[in-house]
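Coordinate inspection notes
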Amino acid sequence: MTVSQLSYHSQNQKWLKRQLRASAILDRCCVKALKELRALRAKGWKNERLDMHFQKQRDRADEPPLEAQRAWFRSMVNIIRELDGVAAFIKPSGPFECAPGGFAPEAGISLPESQGGNALLLQPELMVDRFEYIAQDLLEYDLSPCPTSGTEHCLPPRFLNRYLSCDVMLVDDPDQQPASYAHGGALVVGQLIIALASVRPGGTIVVTLHNLVYLLDKISATLIVHKPTAMHKYRCSFYAIAKGVGDSLERAELQASYLNGLCVLWSELHHGGCDGSPRKLWGERDLRFIVTPEEILDIEGYLDPLVELGRPVWATQAQGLSKFFGKKGT
């Protein structure tokens, strides 16, 4: 599909699409599911009616009515149940669904409604002594390597001490935030910083971001990639569940190295532009301290693991797209 108005974040991810698009993988190896999916995508891109369908969906998502938010909430609950059935990472005490855009464990940070964020739909009885809800713009926290003393919005202590923090960290996709929320890549980086800083040794990180598979694979004992069938089966989104994060000395050191690099990058995104102003995320250049596209696409390097992780996701999306096109008469 042709997206007439890309979000700020999506514009900054063009480098990834250039470097790691399906053709780059298919040029190096034959993956039947990916080849089929690529053909279906090409079919959809040529259909203007589908363009209009997805544009209407984006418009509704920007300012959804309360009933639509509740429906999204129920769908997200079904998704997390499906994910737990695959990866078994939920404890009896949580995590909970915090707002329509994402999950939350013992505490959650979400954009305030007054700034375009989603309403809190968690049942009041679950809030008492079990969950802390923080309505705050993530970008207003100081996540630089050396936070300034007395900063107005300091990250809560529970997010800074891994041994007092969370067994499960869930990172949401910024593309699910309102289109008016122009955050660049800083929101992606900020969420990653909090996740890496807050998860307990041996804990779990669950993300819906598409370009973090390599990072999660390197810092965890087990990485499970799953595309739920409960919602958006024909979309490109999927979940990566990293279990046993930092559970060995080597993984913990690598996690600390990534965390330090992300904190430096966060500071650059906020103050690295002209006259100390914010700047965009330049993916390939900014994220080379994690991995380069060349390393990911190396046949003798990470390409085989990437294909094995992606194969079931591509197959599920291809099946979803095929059924969706059938319903739309495409």
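The structure presented is a predicted model; accordingly, all values stated were derived computationally and were not measured.

**Re the overall build of the chain**
On a plain count of helices and strands, the chain comes out with 12 helices and eight strands. Per-residue burial for the chain yields a buried fraction of 50% across its 330 residues. In the chain, of all internal contacts separated by at least 6 residues, the share reaching a separation of at least 24 is 72%. Total accessible area computed for the chain in this model is approximately 16,500 Å², and 52% of it derives from carbon and sulfur atoms.

**Quick word on the packing of helix α7 (residues 186-198) against helix α9 (residues 249-271)**
For any two helices packed against each other, one specifies the crossing angle of their axes together with the interaxial distance. Across the interface, α7 lies against α9 with an axial gap of 9 Å and an inter-helix angle of 150 degrees. At the point where α7 passes α9, the crossing takes the left-handed sense. Seen from α7, the contacting residues are Ala186, Val189, Gly190, Leu192, Ile193, Leu196 and Ala197; seen from α9, they are Gln255, Tyr258, Leu259, Leu262, Cys263, Leu265, Trp266, Leu269 and His270. For the contact of α7 with α9, the per-class residue count stands at 13 nonpolar, three polar and no charged.

**Quick look at a negative patch on the surface**
Negative charge collects at one region of the surface, where Glu294, Glu295, Asp298 and Glu300 lie side by side. With respect to the helices and strands, the residue glutamate 295 is situated in helix α11 (residues 293-296).

**Side note on the environment of aspartate 298**
Locating aspartate 298 in the fold gives a position in the loop between α11 and α12 (303-328). Sequence-wise, aspartate 298 and arginine 28 are 270 residues apart; in three dimensions their C-alpha atoms are separated by 8.7 Å. Polar contacts involving the side chain of aspartate 298 include one to the main-chain amide nitrogen of glutamate 300, which spans 3.0 Å.

**What to know about the side chain of histidine 226**
Tracing the backbone through its elements, the reader meets histidine 226 in strand β7 (residues 222-226). Classification of histidine 226 as buried rests on a relative accessible area of 18%. A distance of 2.9 Å separates a polar atom in the side chain of histidine 226 from a polar atom in the side chain of glutamate 82. Beyond its immediate sequence surroundings of up to four residues, histidine 226 is in contact with Glu82, Leu83, Val86, Phe238 and Tyr239.

**Some details on the packing of helix α4 (residues 32-45) against α12**
Between α4 and α12, whose axes approach to 8 Å, the crossing angle comes to 35 degrees. In this structure, the crossing between α4 and α12 has a hand that is left-handed. The segment α4 lies against α12, with Ala33, Leu34, Glu36, Leu37, Leu40, Arg41, Lys43 and Gly44 engaging Arg311, Trp314, Ala315, Gln317, Ala318, Leu321, Ser322 and Phe325. The residue inventory of the contact of α4 with α12, partitioned by class, reads nine nonpolar, three polar and four charged.

The rules behind the values
Residues numbered from 1 in each chain as written. Predicted model: local features only at pLDDT ≥ 70, side-chain atom pairs only at ≥ 80, totals over all residues. Heavy atoms only, no water. Helix = DSSP H or I, 4+ residues; strand = E, 2+ residues; numbered from the N terminus. Buried < 20%, exposed > 50% of the residue type's maximum accessible area, 1.4 Å probe, protein only. Contact = heavy atoms within 4.5 Å. Areas by Shrake-Rupley, 256 points an atom, 1.4 Å probe, with all protein chains shown as cover. Axes fitted to C-alpha atoms, helices over the stretch in contact; angles between N-to-C directions. Left-handed = near helix turned anticlockwise from the far one by under 90°. Nonpolar A, V, L, I, M, F, W, Y, C, P; charged D, E, K, R; others polar. Patch = residues over 30% accessible without salt bridge, like charges linked within 9 Å, V, L, I, M, F, W, Y side chains within 5 Å. Salt bridge = Lys/Arg side-chain N within 4 Å of Asp/Glu carboxyl O. Lys, Arg positive; Asp, Glu negative; His and termini not counted. Charge placed at Lys NZ, Arg CZ, Asp CG, Glu CD. Polar contact = N/O pair within 3.5 Å; in protein donor to acceptor, adjacent residues only side chain to side chain.

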